[in-house]
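# Close look at the chain arrangement
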Amino acid sequence: MKQELIESKQKTPWWWVPTLYFAEGVPYFVVNNISVMMFTKMGVPNGDMSFFTTLLYFPWFLKGIWSPIVDVVKTKRWWIVAMQVIMTAMLILLTVTLPHPDTSTIAGGNTSISIFWFTLLLFIVAAFASATHDIAADGFYMLAHSPSSQAAFIGIRSVFYRVASVFGQGGLVFIAGLIESKTGNIPLSWQVTLGVSAVVFFLITLYHTFALPHSADDKPRAGADGTAKNNLAELGNSFVTFVKKPGFLLAVAFMLLYRLPEGFLIKLCQPFLVHGTEQGGLGLSTEMVGTVYGVFGVIALLLGGILGGIYSSRVGLKKSLWVMAACMTLPCLTFVYLAIAQPTNIVIITIALCIEQFGYGFGFTAYMLYMMYFSEGEFKTSHYAICTAFMALSMMLPGFVAGYIQEAIGYVNFFWMVMACCFATLLVTYFVDRTIDPDYGKKTD
């Protein structure tokens, strides 16, 4: 007992919460964002790039199915360390096995995705490990320290998850661009970048092996077989009650369509930035994209999310919904402008990207609030988990076809199509607005 008390005092949340949520974010951004930029720079056509990188998102869409296994087999701490070991191994294997297409194939944009079959397989394994790590990390967070401490550190975990975003979308992309500009060897630049991420993740894994506390509450549920069956039965029951909730179809339509413009845009914005002007892009260097989109863009996204949370807490979900829907859709015009004008002034490009990212961050707040609103009731946690699955699906469905559409109609027409998709956002917003409690989301003094 005395030993446990000493260990508890030594391992305050400051020792492990920041690094745990940084570790949660890094593989997510490597799998879902770095892969997009890497395949684009390797000369893979947009259609194949978009389709196959969207497939990598499946584990996060499906993770609720195997979450009971994490609950009844081993401890959450064991799962965290085990998944980090697997992710480290995958990053090392990605580094040493990355194919090197020849320069002429890359320049012609004709690189076959088939030469990356082993790379995609490693990304998929890393994605499953990362999604499982998310389940274990969130569960461990609720077990390893007191409820008051959990509340105090909720902002810290969010900040360090976003630090991982800046590291992944900004730092790693910048490193790749820097090496590319020095050597002219694109495959080598991404090989070194993956190697850097492998080293960073190895150090995090080594640190967590010793730094993560051992909580008395962190243990497998008794009777694994019976509990697993009960958990699966509960999962089925929560899904049935979810389907029977009033306004189920409208809620699903909102969750699938509110982010439709962003679902198309998110897969093509980085390729658009790096593709040459003769292809309809802006022709930015890789390191410039890492700085402009991965750093300034992420900061604008964070600022939009913070201000969106403050605004919605003051006026409630119902009054903020239309403002946020407008902020979600109108900034898409910035990409129409960029595609038509093809500006070369980096300040103008940065401002346009920050406007779009700020609008998305601000408008996304209403989406998250609505999912919480619709999840209210006896099965609140399970219903919210189902909502997050639909949230993942809302990004996957457009992602599968976005690249093929862009290849067929070009960047300018593609971004005009994205603007047309904003009508779907506004339509579901109109119908959902009529069902929301006017007092929901308001901060009470």
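Below, the structure is looked at part by part. All figures in this text were calculated on a predicted structure; none of them were measured in a lab. Counting of residues starts from 1 at the beginning of each chain's written sequence and follows it residue by residue. Per-residue local features are limited, in this predicted model, to residues with pLDDT of at least 70; the limit for side-chain atom pairs, both in listing and counting, is 80 or more; totals at the level of whole chains, interfaces and linings are taken over all residues. Hydrogen atoms and water are omitted, and side-chain values are computed over all heavy atoms in the structure.

By the criteria applied, helices consist of DSSP H or I runs no shorter than four residues and strands consist of E runs no shorter than two, each listed in order from the N terminus. A tally of helices and strands in the protein chain yields 16 helices and zero strands. Using a 1.4 Å probe on the protein chains alone, a residue whose accessible area is under 20% of its type maximum counts as buried, one over 50% counts as exposed, and one in between counts as partly exposed. Across the 445 residues of the protein chain, 53% fall into the buried class. Residue-level accessible areas treat just the shown protein chains as cover; the underlying method is Shrake-Rupley with a 1.4 Å probe. In the structure as shown, the protein chain presents an accessible area of about 19300 Å², 70% of it carried by carbon and sulfur atoms.

So, on to unusual backbone geometry. In the Ramachandran plot, Gln 342 falls in the positive-phi region, its phi being about 45° despite a non-glycine side chain. Relative to the assigned elements, Gln 342 resides in the loop between α14 (333-341) and α15 (346-375). Of the residues examined, Gln 342 reaches a relative accessible area of 25% and is grouped as partly exposed.

Inspection of the secondary structure puts Glu 287 in helix α13 (residues 286-329). The side chain of Glu 287 is buried and forms no salt bridge, while Lys 41, the nearest opposite charge, is found at 7.6 Å. The contact criterion used throughout is that any non-hydrogen atoms of two residues lie within 4.5 Å. Those residues within four positions of Glu 287 in sequence are excluded, and the remaining contacts are Val 173, Phe 174, Gly 177, Leu 178 and Ser 181. Charge assignment in this entry is limited to Lys and Arg as positive and Asp and Glu as negative, and neither His nor the chain termini are counted. A carboxyl oxygen of Asp or Glu within 4 Å of a side-chain nitrogen of Lys or Arg is what we treat as a salt bridge.

Moving on, we get to helix α12 (residues 260-274). In the structure, α12 departs most strongly from a straight axis at Leu 268, where the bend amounts to approximately 40° and where the proline Pro 271 lies between one and four residues downstream. Counting buried positions along α12 gives 14 out of 15 residues, so the element sits mostly inside the fold. One axis fitted to the seven residues ending at a residue, another fitted to the seven starting there: the angle between these axes is the bend at that residue.

For the structure on display, the rule yields three salt bridges. Lys 41 is the partner of Glu 180 in a salt bridge, and the nearest nitrogen-oxygen pair spans 3.3 Å. Taken together, the positions of Glu 180 in helix α8 (residues 147-183) and Lys 41 in helix α2 (residues 13-41) put the pair 139 residues apart, joining distant regions of the chain. Each member of the pair, Glu 180 together with Lys 41, is buried. The closest approach of N and O atoms between Asp 433 and Lys 318, which form a salt bridge, is 3.7 Å. With a gap of 115 residues between them, Asp 433 in helix α16 (residues 380-433) and Lys 318 in helix α13 connect regions that are remote in the sequence. Residue Asp 433 is classed as buried on the basis of its relative accessible area, which comes to 15%. Residue Lys 318 is classed as partly exposed on the basis of its relative accessible area of 24%.

The next point concerns the nonpolar core. Ranked by internal contacts, the top residues of the largest apolar core, which has 93 residues, are Phe 39, Trp 190, Phe 272 and Phe 415. Ranked by residues supplied to this core, first place goes to α2 with 16 residues. Those residues in contact with Phe 39, other than ones at most four positions away along the chain, are Val 44, Met 49, Thr 53, Ile 113, Phe 116, Thr 119, Leu 120 and Phe 123. Only buried residues count toward a nonpolar core. Its members are Ala, Val, Leu, Ile, Met, Phe, Trp, Tyr and Cys residues joined through side-chain atoms within 4.5 Å. Counting 31 residues, the second-largest nonpolar core is a separate cluster that includes Phe 248, Leu 301, Ala 325 and Ala 366.

Before going further, it helps to spend a moment on the packing of helix α4 (residues 58-72) against helix α7 (residues 117-143). The interhelical angle for the contact between α4 and α7, taken along N-to-C directions, is 55°, at an axis separation of 9 Å. With respect to each other, α4 and α7 are oriented oblique. Every pair of crossing elements has a handedness; the one defined by α4 and α7 is right-handed. When α4 is examined against α7, the residues Pro 59, Trp 60, Lys 63, Trp 66, Ser 67 and Val 70 are found in contact with a partner set consisting of Ala 127, Phe 128, Ser 130, Ala 131, Thr 132, Asp 134, Ile 135 and Ala 136. Grouping the constituent residues of the contact of α4 with α7 by class yields nine nonpolar, three polar and two charged. All axes are obtained by fitting lines to C-alpha atoms, using only the stretch in contact for helices, and the reported angles, taken between N-to-C directions, cover 0 to 180 degrees. Roughly parallel refers to an angle under 35 degrees, roughly antiparallel to one over 145, roughly perpendicular to one between 65 and 115, and oblique to any angle outside these ranges. Each crossing gets its hand from how the near helix is turned against the far one by less than a right angle, where anticlockwise is left-handed and clockwise is right-handed. Classification convention: Asp, Glu, Lys, Arg as charged; Ala, Val, Leu, Ile, Met, Phe, Trp, Tyr, Cys, Pro as nonpolar; all other residues, Gly among them, as polar.

Looking now at the environment of Thr 54. With respect to the element layout, Thr 54 can be found in helix α3 (residues 46-55). Measuring from C-alpha to C-alpha, the distance between Thr 54 and Met 395 comes to 8.3 Å, with 341 residues separating the pair along the chain. Dropping the residues within four chain positions of it, Thr 54 is found in contact with Lys 267, Met 396, Gly 399 and Phe 400. Polar contacts, as used here, are pairs of N or O atoms within 3.5 Å; protein pairs need one atom able to donate a hydrogen and one able to accept it. Residues neighboring in sequence count only if both atoms are side-chain atoms. At 3.3 Å, the side chain of Thr 54 forms a polar contact with the backbone oxygen of Gly 399.

To continue, consider the state of the cysteines. Cysteine sulfurs are considered disulfide-paired once they come within 2.5 Å of each other. Evaluated as defined, the whole model comprises zero disulfides. Free cysteine Cys 332: the closest other cysteine sulfur is in Cys 422, separated by 4.4 Å. For Cys 332, a relative accessible area of 2% gives the class buried. Overall, the relative accessible area of 5% leaves Cys 422 in the buried class.

What counts as a ring pair is set by centres within 6.5 Å for rings of Phe, Tyr and Trp (its six-membered ring), and what kind of pair is set by the plane angle: stacked under 30 degrees, edge-to-face over 60, tilted for all other angles. Counted according to the given criterion, the structure contains 37 aromatic pairs. With centroids separated by 6.2 Å and ring planes inclined at 15°, the aromatic side chains of Phe 242 and Phe 390 adopt a geometry described as stacked. In this pair, Phe 242 is assigned in helix α10 (residues 224-243) and Phe 390 in helix α16, connecting sequence segments 148 residues apart. Here Phe 242 falls in the buried class, since its relative accessible area comes to 0%. Between Phe 264 and Phe 414, the ring centres sit 6.5 Å apart and the planes meet at 80°, which makes this aromatic pair edge-to-face. Of this pair, Phe 264 sits in helix α12 while Phe 414 sits in helix α16, and the two are 150 residues apart along the sequence. With a relative accessible area of 9%, Phe 264 lands in the buried category. On the basis of relative accessibility, which here comes to 0%, the residue Phe 414 falls in the buried class. Connected via pairs of aromatic rings, a cluster forms that spans Phe 242, Phe 248, Phe 254, Tyr 258, Tyr 360, Phe 364, Tyr 367, Tyr 370, Tyr 373, Phe 374 and Phe 390. Lysine NZ or arginine CZ positioned within 6 Å of the ring centre and within 35 degrees of the ring normal marks a charge as sitting over the ring. Looking at Lys 245, its charged tip hangs above the ring of Phe 374, at a distance of 5.4 Å from the centre.

Shape is all these values report; function is a separate question.
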